[in-house]
Amino acid sequence: MMKKAVQLFKHKAIDLRWALLSGILVGTSYIPLPPWALLFCYAPLWISVSGNNSSAPLKKAFWSGWCTQFTLTAIGFHWIAYTAHEFGAMPWVISFAALLLFCAFMHLYIPAATTLGVFLKKKFNLSQTQTLFTIALSHALLERIWPVIFDWNLGYTLLAAHIPAYQWADVIGFAGLSAVVLLLNAWVASIWVGFKKSFHSFGQITALLVLLIALVAGGHFHKSTWDHFDREFKATIIQANIGNSDKIQAEQGRGAQDFITRKFTAMTLEAAQKFPDTELFVWPETAFPDYLDQRLLNRKHSQTLARELVNLQQPILAGAYSRSPVVDPHRDEATFNALFLIDGRGNNLDSPYLKTNLLAFGEYLPLSEKFPIMLKWLPFISNFGRGTGPRALNWNHKDDTIRLGGQICYEGLDPAFSRGLAAANSDILVNVTNDSWFGRTFEPLQHMYMTLARGIEVRRPLIRSTNTGISTVMLANGDLQQTSPLHEEWTGQFTVKYLKNAPATAYVKWGHYDWFVLLLALFGIVLIGALNARSRRP
């Protein structure tokens, strides 16, 4: 029995070796690792299921794709186990089980694309090259609509590696850049398959190299159109490095609120002396551990803030909590994760922005709105109120009004949300977040670059203030300024240059309009394959 089991395992391992290789190539080419296999990472998987001599059933196509997605997820998103342990207070055994569950189900669009490609190949008698591009197009379309917790794609790797091709994101977005990368993978796979049959592939290699040079060089020159600015101000970010236990106690009202308040006020006063020309201080998500609504400034911690910062002349953009005056204050939904613009005494300089895109299980319980009883069954899950959508805070600065488009944590990963901020005439994007739950894993760098990507898509400078790092500022042209260290107290000043009334980018105007082109290309390949198959019939 054992011998048969070992033989079966060896057979399956050999059968799925190319799928496993693709998973390793993708996982080791994603942020924060260098994108060394970016142009061919999916090629082994796609070639193995699309061969003309292969009678690969749909079942094999699915499990090959599943093996790839499981492997790349385990490499790139191993931090899920750490987060489950740190944020969910789960034992390590259960945390690793949560990681395995995440790896098994979160990115099923990858096997779905391979299965669809093989199905269309069999149905319409497609060639191997046609099948390769069919899989790539299906993958590009499915990854845009598939429900995931952490919405990643291969386009972000271009920004993280500082490859100038990322500058085209203001035209097609990073999802569009990901589609380009996937199609290049299909082309490389096609060249590899053709190279074994014919030396004519050298012409395609030349064409591929010319296209790559054009994408990179074109991106470099495209950047220059966003190199001009007409205004600037000095912003200082306060990174207080508050520990998770203190954050939890403060959120639940069990203590640490006074300690956190005094730490942020003390660091802000020190930064004001260190950087006397600062014009705006930026605190991270829920930095102030209480409500900051104007009508609630008589609370203990608000009074502490006012006493400590009474002589501060500069405004503060601070993450804090807001309480609805309408909803029953005893209900969880009465509390919002919010972003406030205040003066040194806590006075609101504009109405706060209330977070709209909430994190499932971290900030709300899915389906609890329809089934409130679930909140009683799972009382340990936070259930914040939901804001009404993107909006900018107005900062009256000198003789100008600067519109600060706030994103709170997870909202920086949503391209549509930042498009909404740009459409609302935001001059600056400001992302406040808390990545303390992820330790020193891959996540802080992944989260940073995926958030900075929004600034390229809408061509606005982006200020990113975090509790534990990585805090930074990126200008609209993609120039990244200094970055903070991880898990250290830190303050840093930035010169934020911007263009007042900057024009809307093509991406802001039309969004992911390229999906229609991708869909037409997919239908075109299938139609050509079907017509060719019909013409070959006797």
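Bear in mind the structure is a predicted one, so any value in this text is a computation, not a measurement. (Residues numbered from 1 in each chain as written. Predicted model: local features only at pLDDT ≥ 70, side-chain atom pairs only at ≥ 80, totals over all residues. Heavy atoms only, no water.)

### Let's talk about the overall build of the protein chain
- A count of helical and extended segments in the protein chain gives 19 helices and 12 strands.
- Across the 538 residues in the protein chain, those meeting the buried criterion constitute 54%.
- Restricting to contacts in the protein chain with at least 6 residues of sequence separation, those with at least 24 account for 71%. (Helix = DSSP H or I, 4+ residues; strand = E, 2+ residues; numbered from the N terminus. Buried < 20%, exposed > 50% of the residue type's maximum accessible area, 1.4 Å probe, protein only. Contact = heavy atoms within 4.5 Å.)

### Some thoughts on empty space enclosed by the protein
- Applying the stated criterion to the full structure yields 3 cavities of 30 Å³ or more.
- Forming the boundary of the largest cavity are W226, H228, F229, D427, R459, R460, P461, A476, Y498, L499 and A502.
- Partitioned by chemical class, the residues of the lining of the largest cavity number 7 nonpolar, 1 polar and 3 charged. (1 Å grid on protein atoms, 1.4 Å probe; cavity = no way out; pocket = protein on both sides within 12 Å on 5 of 7 lines; lining within 4 Å. Points joined across faces, edges and corners; volume = space filled by probe spheres on them. Nonpolar A, V, L, I, M, F, W, Y, C, P; charged D, E, K, R; others polar.)

### Focus: the sheet that holds strand 8 (residues 428-433)
- Taken together, 6 strands build an open sheet; the order of strands is 6-7-8-9-10-11 and the sheet is mixed. At either end of the open sheet lies a strand with only one pairing partner, and these are strand 6 (392-397) and strand 11 (480-483). Across the sheet, the mean angle separating the axes of adjacent strands is 20° when strand polarity is ignored.
- Strand direction decides the pairing type here: strand 8 and strand 9 (residues 462-466), joined by 5 bridges, are parallel. Within the sheet, the bridge partner assigned to T433 lies in strand 9 and is T466.
- In the packing of helix 16 (residues 415-423) onto the sheet, contacts are made with strand 7 (400-408) and strand 8, and the angle to strand 7 comes to roughly 170°.
- In this fold helix 17 (residues 443-458) packs onto strand 7, strand 8, strand 9, strand 10 (472-474) and strand 11, with an angle of close to 155° to the strand it touches most, strand 9. (Pairing = 2+ DSSP bridges. Axes fitted to C-alpha atoms, helices over the stretch in contact; angles between N-to-C directions.)

### Quick notes on unusual backbone geometry
- In the segment running from I31 into P32, the intervening peptide bond is cis, with an omega of 10°.
- Assignment of secondary structure puts P32 in the loop between helix 2 (17-27) and helix 3 (43-50).
- Note the cis peptide between G469 and I470, where omega equals 15°.
- Inspection of the secondary structure assignment puts I470 in the loop between strand 9 and strand 10.
- Of note in the backbone geometry, C409 takes a positive phi value of approximately 55° without being a glycine.
- Of note, C409 is situated in the loop between strand 7 and helix 16.

### Looking at the sheet that holds strand 5 (residues 353-354)
- One open sheet accounts for 6 strands, arranged 5-4-3-2-1-12; its pairing is mixed. Looking at which strands have only one partner, the edges of the open sheet turn out to be strand 5 and strand 12 (490-498).
- Contacts between helix 13 (residues 257-274) and the sheet are confined to strand 1 (231-239), strand 2 (280-282) and strand 12, with strand 1 contributing the most and set at about 140° to the helix.

### Let's talk about the pairing of strand 1
- Pairing of strand 1 with strand 12 involves 9 bridges; the strand directions are antiparallel. Bridged to E232 within strand 12 is K497.

### Section: the pairing of strand 9
- For strand 9, the tally of buried residues reaches 5 of 5 residues, placing the bulk of the element in the interior.
- Covered by surrounding structure in strand 9 are L462, R464 and T466 together with I463 and S465, the residues of both alternating faces.
- Two elements, strand 9 and strand 10, share 3 bridges in a ladder whose sense is antiparallel. The partner of I463 across the bridge, within strand 10, is V473.

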